[in-house]
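If you want the building blocks of each chain, they are given just below.
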Amino acid sequence: MASSSSSSSSYSSPPCASCKFLRLRCLSGCIFAAYFPAEEPTKFVNVHKIFGVSNVSKLLNEIPPHQREDTVKSLAYEAEARLKDPVYGSCFEGPFIAGRIAGTPLFGG
């Protein structure tokens, strides 16, 4: 009994989207827990499909903690764009956004 209560303290509750999707126990030191909450499973699934868990884990471990949240937001944005447009991803959105901001027609049209 004592071992089960000590092991239960090493889990966060609820499990993050990563651990839930991969059917793993979410430990208190899970690198994904802060950035992929259980309430946003699609965010993790998209990042997983495009970049892979191992690559994202390595990336998050290599960058400073204060930059991780912005990195995950960028990865999630790029993953969603790649799923919508596998060839151009988010690269093709730049001219459209710039045109909307400037209020001018795109491509000199």
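Quick summary incoming for the structure in this document.

1. Side note on the overall build of the protein chain
- Helices and strands together make up the secondary structure of the protein chain, namely six helices and zero strands.
- Put simply, the protein chain has 109 residues, and 28% of those count as buried.
- The contacts in the protein chain between residues at least 6 apart in sequence include a share of 38% that link residues at least 24 apart.

2. So, the environment of E80
- Of note, E80 is situated in helix α5 (residues 65-84).
- Along the backbone, E80 and T42 are 38 residues apart, and their C-alpha atoms lie at a distance of 9.5 Å.

3. Description of the nonpolar core
- Formed by 18 residues in total, the largest nonpolar core has its most connected members in C16, C30, F32, F36, V47, V56 and L60.
- At the level of secondary structure, the elements contributing two or more residues to this core comprise α2 (17-22), α3 (41-51), α4 (53-62) and α5.
- With four residues, the single largest contributor to this core is α5.
- The contacts of L60, once residues within four sequence positions are left out, are I31, F32, Y35, R68 and V72.

4. Here we look at the state of the cysteines
- For the structure shown, the criterion picks out zero disulfides.
- Here C16 stays free of any disulfide, with the sulfur of C19 as its closest cysteine sulfur at 3.6 Å.
- With a relative accessible area of 2%, C16 lands in the buried category.
- C30 takes part in no disulfide bond, and the closest cysteine sulfur, belonging to C16, lies 3.7 Å away.
- Look at C30 and you get buried, because its relative accessible area is 19%.

5. Some words on a nonpolar patch on the surface
- On the surface, F21, L22 and L24 cluster together into a nonpolar patch covering about 260 Å² of accessible area.
- Checked against the element boundaries, L22 lands in helix α2.

Criteria and thresholds
Residues numbered from 1 in each chain as written. Predicted model: local features only at pLDDT ≥ 70, side-chain atom pairs only at ≥ 80, totals over all residues. Heavy atoms only, no water. Helix = DSSP H or I, 4+ residues; strand = E, 2+ residues; numbered from the N terminus. Buried < 20%, exposed > 50% of the residue type's maximum accessible area, 1.4 Å probe, protein only. Contact = heavy atoms within 4.5 Å. Core = buried A, V, L, I, M, F, W, Y, C linked by side-chain atoms within 4.5 Å. Disulfide = S-S within 2.5 Å. Patch = residues over 30% accessible without salt bridge, like charges linked within 9 Å, V, L, I, M, F, W, Y side chains within 5 Å. Areas by Shrake-Rupley, 256 points an atom, 1.4 Å probe, with all protein chains shown as cover. Salt bridge = Lys/Arg side-chain N within 4 Å of Asp/Glu carboxyl O.

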